[in-house]
Amino acid sequence: MVGNPKRGKYTYYKQVLSSGLKYEDQVPSIKWQLNDSTKNICEYECKQAVGSVYGRTWTVWYSIELPLNYGPYILNGLPGLIMAARDSEGLFDFKAVGVENAPENALVSVYKEDSHQKCTRKRFLQLRSESEGINKDQLVDRILSQRTSGEKVIVYTVSGTDAKVDNEVEVPKYNHLDKE
């Protein structure tokens, strides 16, 4: 996931079987309950807050010493940088391991823009859900049969020494970050 806090948007990148997909969405507004608990993370004093987004409840620790109002995943909106976050089910646990100053003109690029096909968040969640437990060829056939007239569909495949001999893909049996 790559965020652009100034624009209030984020872009989510994910491999669904062998296809790279991406969607852009507004950063959601989260109503936080601020608590009095404190602890140190990476030598910064952090305060606790609890909030819900996309069907998950998160307990986070944020530091007002770092006046940035965002954090991991799409967690944002507190008066300091979110240094740790854990969902109420204990499936996801983010924690900062260090903080460095970067030059103002630093550009961080994690994903190749041209290797991920753009789609809507709704379509992404549908494809991810439908792809669980089926092989790549079945998913490609389903995507091609559902496209609208004139819609371009690009399917990227892996080849070379690291490619699996068969196209079967094992899908992890856990809840994803966003339930909705």
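Above: the structure in question.
Presented here is a report on the structure given in the accompanying data block.

### So, the sheet that holds strand 6 (residues 56–63)
If you trace the five strands from one edge of the open sheet to the other, you get 4-5-6-7-8, paired in antiparallel fashion. The open sheet has two edge strands with one neighbour each: strand 4 (33–41) and strand 8 (93–95). Pairwise comparison of adjacent strand axes, ignoring direction, gives a mean angle of 30° for this sheet. As paired elements, strand 5 (residues 44–53) and strand 6 share seven bridges and run antiparallel to each other.

### Quick notes on the environment of Glu-43
Along the chain, Glu-43 falls in the loop between strand 4 and strand 5. Taking C-alpha positions, Glu-43 is 9.1 Å from Gly-98, a pair spaced 55 residues apart along the chain.

### So, the nonpolar core
Trp-32, Trp-58, Val-60, Leu-75 and Ile-82 are the most contacted members of the largest nonpolar core, which totals 23 residues. Elements that contribute at least two residues to this core include exactly strand 2 (9–16), strand 3 (19–26), strand 5, strand 6, strand 7 (81–87) and helix 1 (121–131). The residues contacting Trp-32, other than those within four sequence positions of it, are Ala-49, Val-50, Gly-51, Trp-58, Val-60, Leu-75, Asn-76, Gly-77, Leu-78 and Ile-82. Among the nonpolar cores identified, the runner-up in size contains seven residues, and Ile-41, Cys-46, Leu-66 and Ala-84 belong to it.

### A closer look at the packing of aromatic side chains
How two aromatic rings sit relative to each other is given by the distance of their centres and the angle of their planes. A complete count under the given rule lists two aromatic pairs for this structure. Measuring from centroid to centroid gives 5.8 Å for Trp-58 and Tyr-73, while their planes differ by 40°, and the two rings are tilted. Here Trp-58, found in strand 6, pairs with Tyr-73, found in the loop between strand 6 and strand 7; they are 15 residues apart in sequence, far enough to count as distant. One aromatic cluster is present, built from ring pairs that chain together Trp-58, Tyr-73 and Phe-94.

### A word on the side chain of Ser-63
One can find Ser-63 in strand 6. Within the structure, Ser-63 has its side chain in polar contact with the backbone oxygen of Glu-45 (distance 3.2 Å). Discounting residues that sit within four places of it in the chain, Ser-63 has contacts with Tyr-44, Glu-45, Cys-46, Gly-80, Leu-81 and Met-83.

Analysis parameters
Residues numbered from 1 in each chain as written. Predicted model: local features only at pLDDT ≥ 70, side-chain atom pairs only at ≥ 80, totals over all residues. Heavy atoms only, no water. Pairing = 2+ DSSP bridges. Helix = DSSP H or I, 4+ residues; strand = E, 2+ residues; numbered from the N terminus. Axes fitted to C-alpha atoms, helices over the stretch in contact; angles between N-to-C directions. Core = buried A, V, L, I, M, F, W, Y, C linked by side-chain atoms within 4.5 Å. Buried < 20%, exposed > 50% of the residue type's maximum accessible area, 1.4 Å probe, protein only. Contact = heavy atoms within 4.5 Å. Phe/Tyr/Trp six-rings, centres within 6.5 Å; stacked < 30°, edge-to-face > 60°. Polar contact = N/O pair within 3.5 Å; in protein donor to acceptor, adjacent residues only side chain to side chain.

It is worth stressing that arrangement in space is one thing and function is another; only the former is reported here.
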